Amino acid sequence: MSTHTAALFPSVRPIPSGALGRLRVTDDAGRACVPYTAADGGHPLRCCLRLSVPGERIALVSYAPLRRWAAETGAEPGAYDEQGPVFIHAEDCGGPAPSESYPFSRPGALRVLRRYDAAGRIVGGRLLELPEVPADGFDQALAEAFADPAVALVHVRAVEYGCFHFEVRRP
């Protein structure tokens, strides 16, 4: 991350540990968690913000990030509440290691940054094709998002699958 980002956006946020504990039992669509051993790697793990490796025990669960945030903050997102698939470790992994980069970023990847206000309503968004230095793209897009005083939260999602990658909250 650039110095600019480190100062304004100290960290991206994985799925919180309390939510992970519940997702490892029943996901946000009401289905039981079904762990499996990954034959291959490369699944983006939202618990520790890294890619899986072959042989790890993981699960694909349905996650509603805005619903979880709303429960924590008292927001009422209404129709903006959505859920989608995310990979997590089947057991507690201790969360992400400190990092100076954005997770799951590779040059050319498409991401959408959805901006939400304190009530949980979408107040804007941006499609981002990651440049050769992905941090530069994220730095600019997040600075643009938080320049709007109405923005309380930004969700970063993959365009190709629509799944949640991580969130950044107003510092």
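These figures come from a predicted structure and were not determined experimentally.

Caption draft 1: Summary view of the pairing of strand E8 (residues 153–158). Buried residues dominate E8, accounting for 6 of its 6 residues. Bridging between strand E6 (residues 110–116) and E8 involves 6 bridges; their strand directions are antiparallel. Within E8, the position partnered with Arg111 by the bridge is Ala158. Where E8 and strand E9 (residues 164–169) come together, 5 bridges link them in antiparallel fashion. The residue of E9 that forms the bridge with Arg157 is Phe164. Taking the residues that link successive antiparallel strands as the turn, the E8-E9 hairpin has 5 residues, and the phi of Gly162 there is positive, at about 75°.

Caption draft 2: Molecular detail of the environment of Asp148. If you trace the backbone, Asp148 turns up in the loop between helix H4 (134–147) and E8. Given a relative accessible area of 27%, Asp148 falls into the partly exposed group. For Asp148 and Val123, which are 25 residues apart along the polypeptide, the C-alpha to C-alpha distance reads 9.3 Å. Polar side-chain contacts of Asp148 include one of 2.9 Å to the backbone nitrogen of Ala150.

Caption draft 3: Focus on the nonpolar core. The biggest cluster of nonpolar side chains holds 19 residues, and the ones touching the most others in it are Tyr102, Leu113, Phe138, Leu142, Val154 and Phe166. Elements represented by at least two residues in this core include exactly H4, E8 and E9. The dominant element in this core, judged by the number of residues it contributes, is H4, at 6 residues. Not counting the four nearest positions on each side in its chain, Phe138 is found in contact with Tyr102, Ser105, Arg111, Leu113, Leu128, Leu130, Val156 and Phe166. Counting residues in hydrophobic clusters, the runner-up holds 17 residues, among them Val61, Val86, Phe87 and Ile88.

Conventions adopted
- In this numbering scheme, every chain counts its residues from 1 along its sequence in written order.
- Given that the model is predicted, a residue must reach a pLDDT of at least 70 before its local features are reported, and side-chain atom pairs must reach 80 or more before they are shown or counted; all residues, however, enter totals for whole chains, interfaces and linings.
- Each side-chain value is worked out from all heavy atoms of the structure, with water and hydrogens disregarded.
- Whether a residue is buried, partly exposed or exposed follows from its accessible area with a 1.4 Å probe, protein chains only, as a fraction of its type maximum: under 20%, in between, or over 50%, in that order.
- Under the scheme used here, helices are H or I runs from DSSP no shorter than 4 residues and strands are E runs no shorter than 2 residues, and both carry numbers assigned from the N terminus.
- Two strands make a pair as long as DSSP finds a minimum of two bridges between them.
- Any pair of N or O atoms that falls within 3.5 Å is considered a polar contact. Within protein, one atom must be able to donate a hydrogen and the other to accept it, and sequence-neighbouring residues count only if both atoms are side-chain atoms.
- By convention a nonpolar core is built from buried Ala, Val, Leu, Ile, Met, Phe, Trp, Tyr and Cys residues, the set being connected through side-chain atoms within 4.5 Å.
- The contact definition used throughout considers only heavy atoms, calling two residues in contact when any of these lie within 4.5 Å.

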